[in-house]
Structure formats: C-alpha cells, structure tokens
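Chain by chain, the residues run as shown.
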Amino acid sequence: MGPQRRGQELLLVQVDEDERRPPARLADGTHALVSWSARHRASAAGLALAAVLVLAWLVVLVPRAVSERERRDVLGAGAFTDAVRSLRQAPREVWRVPARAGFTPVLAGDAVVVSSDGRILDAVDVVTGDVRWTRAVAPEGATVRDCVATGDRLACLVGAPGRRTATATHVVALAPTTGEVLLDTDVPGAWVAMGADRGDVLLAGWPLDEVAIAVVRLDGATGAERWRASSDSGVGLREARNLDLVVAGQVVLATAVPARLVLDARDGRSLDGERSSSAAPTRQDDAVRLRPDGTVVGIRYHLHDRIVGARSVLRDGTGRRLALVDGEAVSPAVVDDAGIHRVLTVERGNGVLMLRAYDRPWGTDATWTTVEPDAQVVADAGGRVVLVRTTSLVGLDAATGTRVWQRPVEAVAGDGPAAVFCDGRRIALMVREADGSPALAAFSLADGDLSWQVGLPAGTVRVVRAGSQLYALTADSLVALR
C-alpha cells in the first residue's frame, strides 16, 4: 500500500500487484504458455502452423487482393462508351515511362502500349508502370504510325516517313500479353491511317503508283485482302496534308479533301453516289461525317446574311434517309448514352452561334433553338450541352437549350475537343493557369462548380484517354494520372 495526501486527510489506496509489475505478469503468462505447449505438443504445433498461415495471408494475399482490386478499378468501364472511370478527385502522377508524344498510346488487355523512339514498342502494366515486354517492330528508316487493338491481338501500321515512298507498308500483329509477332505482311503503297472492325484491319492511303486515296480491308489473322476500294477522283491528292479514317457501325469513311470514300464495311461497296433521290450521300454534299452509331451525315453549306448556313441529311448504313435537319451537324467530343440520340447542329456568323437540337425520332422541327456567342460544342452528357469559348465554359440544359451556368476558364487551344473528358457527372479539360502552365480542371455538369484543378506534369503536350483512364504525354514520356 502507498500513501497519498488529500487535504488534511490521509487516504489509503490499495494497489493491485499485477498493475504495479506488468513485466512480472507477462513472465507469468509466458511461463503458462510454455507449460501448456509442453503438455499439448500436437495442439501447440497446430496453433503455430495456423499463426504462420495467417501471417503469410496478411503479408502476401492481402496486398495481392488490394492490387487485384486496384487493377479491376483501373480497367473497369466508365458510365458510358468513351467515358473516364472517375473524375471525383484530382488525379496525381503514379508512374511514367519513356514515350513519344507523336504516338497515341493504346490499351491492350491490362497494358498500355507506347513507343519510345518510333521503332520500338513497350507494353506497360497499367497499375504498376512496369514494362511487360519490349519489341522492335519497325526496321531502320521506318516508324510505327499507329496501333489498334482488334480481336485478341494488337495490329500496328509500320511505314517509312512521308507519303512519297515506294517502300511497302507493313502490318504487324502482336500478342498483347507477350509481344510475340503473330503476323507481318507487306501492303504495297503509302498507307497512313488504320482502323479495326470485327477483328479485321482497315487501311487508308495511297496504293503504289496511284494518286487517289483508297481503303483496303485485311483479314486480321492472315493478312489476306478481303476487299479494296479507290476514289475515282483526286489528282494530286497525294499531297493532301490530312487523311482521316473513321469506322463506325457498318460504315467506313476515308477523307482527304476534296476526295472521300463512304463504304460498306462488310464488302467495300460505295455508299457515296446517286442511287436514288433519298439513298446514299451524294457527290454534291460539301462534307460527309460519320456519327459513332454509324449514321452517315451529308452536309451542304450556303451563305445568307453573312451567316454560313447549312442543311444536314442523316442516313443509315444502307443509305436510307433518316432525317433532313437545318444546320451543320456536329460531333461533340463527349456524348453519353442519352446524347447519342440527339443531333446538334450549328450555324455561325457575326460572332454568334445558332445551336439547334433534334431529338430522336428525328423530324424536320428542332426540339429547341438557342443563340449564343460563338463557341465550340464539346459535350452532350449528363443532361448538359457544354460549350467552350475563349474565356469561359457554358452549360446548357440538354432538354430545353436554356443556359444553366457559365464559368470563367482559359481553355488550352491546340488539341480541341480531344482534350475534353467526362465521367457522366463532371467534365474535365486542359486549362491555362495564371503563370501560363497547363493544368487539368474538372467542373460539375449539374451546376458548373469547379470540382478541382491540378497542374499537369512539366512539358505536357496533351492529355489522352486510354480505356477509362487519363494519361499525360510530354515530349518524351507517358505519365499515368490516377
């Protein structure tokens, strides 16, 4: 017992012996455990083994389970096709690897394929950033122009720089998991664009010694030519600066202004000709575009009151006319499952934008019409049609066209709509910070409030989406943003 003084009284306190001497209590417990183990050797051995297994589970299996959950999350789909998995939190750099900014990374399985020097491909684990395999694909003097994931393989277009070349283009198919070369076939000509459809590969470019553009479809497994189609006009088109190839639904669209090919993806049959008064796009169309659902849009322009007017004819993949609408039909960078049923058209002039919306079933009358200062239509998602101006971001109600919100922002010019991303609740785009450095900012689609803004890695040239995740490309590296 020990004394404590409390005022003028003497208080006697009983102190438990075990509380005063913990080491003694621990020694007694250890002794008891040793004694019990000696008397029950089999049980003690079983308990020891169980303890080791539990420890192994904690050390090995728990981290593995966490890693597998992270992998499922990284590879999981977004709220709609082409959506980012989540923009709820500002992303941060999790890994970076050497990569050329001119090569767009491709998701193949659970790896992102990049090219560090134009000739060599690296498959990088999407979670860890570890290089799975490295493969030299292009010979000396050639580069990997593009790669697409098709079926169970990665198909790449390999050719010499420039378009005036007699060197045959190569199509190389690789196994995504190992990098093993499954196919390497020559396709004579200067083919510069690549697409994929149902396991096959489509190429657009210039056949050997020809000046008009052509499209060829190759069997993805054997490289055998399934069909080929060429433009019947286009002298000098080999000098065209841009050639675009789009595949959607059962339609292929190849464009090198002023020539184009609108083809049935199954057999290469032309859909760009006068078959009937309401059939396929006509050669009188000033432009032809292809919507993600395979709807073909033919556009004709006219000028009235210093405003560039237009009319757009929508047709399905067989050439059947679906609708005739006023204005130039646009294709926003981001369209969700509801927005894909809406056609947005624009007319510009005198610094203003006349925007119309036509909801399916498409008719001749617009669902709504609104006039805004000139802007770019970048999204139709989350119940909002989003416009980007030089110094602001605007959200319109997708059902009525009414302006809901407007926020000041200095968007980074150059990449255009390709630098806009959405998860169904928020929209993100590259912006310019006060010091001029690029950043990524996310805004709520509901009210336009800034969710977050974060600086991008130094030297970021553009931000791209591979699968449902975002990556920053600098001049010499790929940076995973999570």
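Relevant structure appears above.
Being a predicted model, the structure only gives us computed values, none of them experimental.

## Some words on the overall build of the protein chain
Logical step 1: Broken down by element type, the protein chain carries three helices and 38 strands.
Logical step 2: Here the protein chain holds 482 residues, and 47% of them are scored as buried.
Logical step 3: A fraction of 41% describes how many contacts in the protein chain between residues 6 or more apart in sequence connect residues 24 or more apart.
Logical step 4: Here the protein chain has roughly 24100 Å² of accessible surface; of this, 52% comes from carbon and sulfur atoms.

## Focus: the packing of aromatic side chains
Logical step 1: For the structure shown, the criterion picks out one aromatic pair.
Logical step 2: Geometrically, the ring pair formed by Trp95 and Tyr471 is tilted, given 6.0 Å between the ring centres and 50° between the ring planes. Taken together, the positions of Trp95 in strand S3 (residues 93-98) and Tyr471 in strand S37 (residues 469-473) put the pair 376 residues apart, joining distant regions of the chain.

## Things to note about the sheet that holds strand S5 (residues 111-115)
Logical step 1: A sheet is described by the order of its strands in space; here four strands give the open sequence S4-S5-S6-S7, paired in antiparallel fashion. Two strands close off the open sheet at either side, each with one partner strand: strand S4 (106-108) and strand S7 (131-136). Going across the sheet, the axis of each strand differs from the next one's by a mean of 25°, ignoring polarity.
Logical step 2: Where S5 meets strand S6 (residues 120-125), five bridges bridge the pair, whose relative direction is antiparallel. The residue bridging Ser115 from the neighbouring strand is Leu121, located in S6.

## Some points on the side chain of Thr474
Logical step 1: Structurally, Thr474 is set in the loop between S37 and strand S38 (477-481).
Logical step 2: With a relative accessible area of 3%, Thr474 lands in the buried category.
Logical step 3: A polar atom in the side chain of Thr474 sits 2.6 Å from the side chain of Ser477.
Logical step 4: Other than its neighbours up to four places away in sequence, Thr474 contacts Ala99, Ala101, Ala458, Gly459, Thr460 and Val461.

## Quick notes on the environment of Thr169
Logical step 1: In this fold, Thr169 is placed in strand S10 (residues 169-174).
Logical step 2: Separated by 23 residues in sequence, Thr169 and Val192 place their C-alpha atoms 8.8 Å apart.
Logical step 3: Beyond its immediate chain neighbours, meaning those up to four positions away, Thr169 contacts Leu157, Val158, Thr185, Asp186, Val187, Gly189, Ala190 and Trp191.
Logical step 4: From its side chain, Thr169 meets the backbone nitrogen of Trp191 in a polar contact 3.4 Å long.

The rules behind the values
Residues numbered from 1 in each chain as written. Predicted model: local features only at pLDDT ≥ 70, side-chain atom pairs only at ≥ 80, totals over all residues. Heavy atoms only, no water. Helix = DSSP H or I, 4+ residues; strand = E, 2+ residues; numbered from the N terminus. Buried < 20%, exposed > 50% of the residue type's maximum accessible area, 1.4 Å probe, protein only. Contact = heavy atoms within 4.5 Å. Areas by Shrake-Rupley, 256 points an atom, 1.4 Å probe, with all protein chains shown as cover. Phe/Tyr/Trp six-rings, centres within 6.5 Å; stacked < 30°, edge-to-face > 60°. Pairing = 2+ DSSP bridges. Axes fitted to C-alpha atoms, helices over the stretch in contact; angles between N-to-C directions. Polar contact = N/O pair within 3.5 Å; in protein donor to acceptor, adjacent residues only side chain to side chain.

These figures come from the coordinates and say nothing about function on their own.
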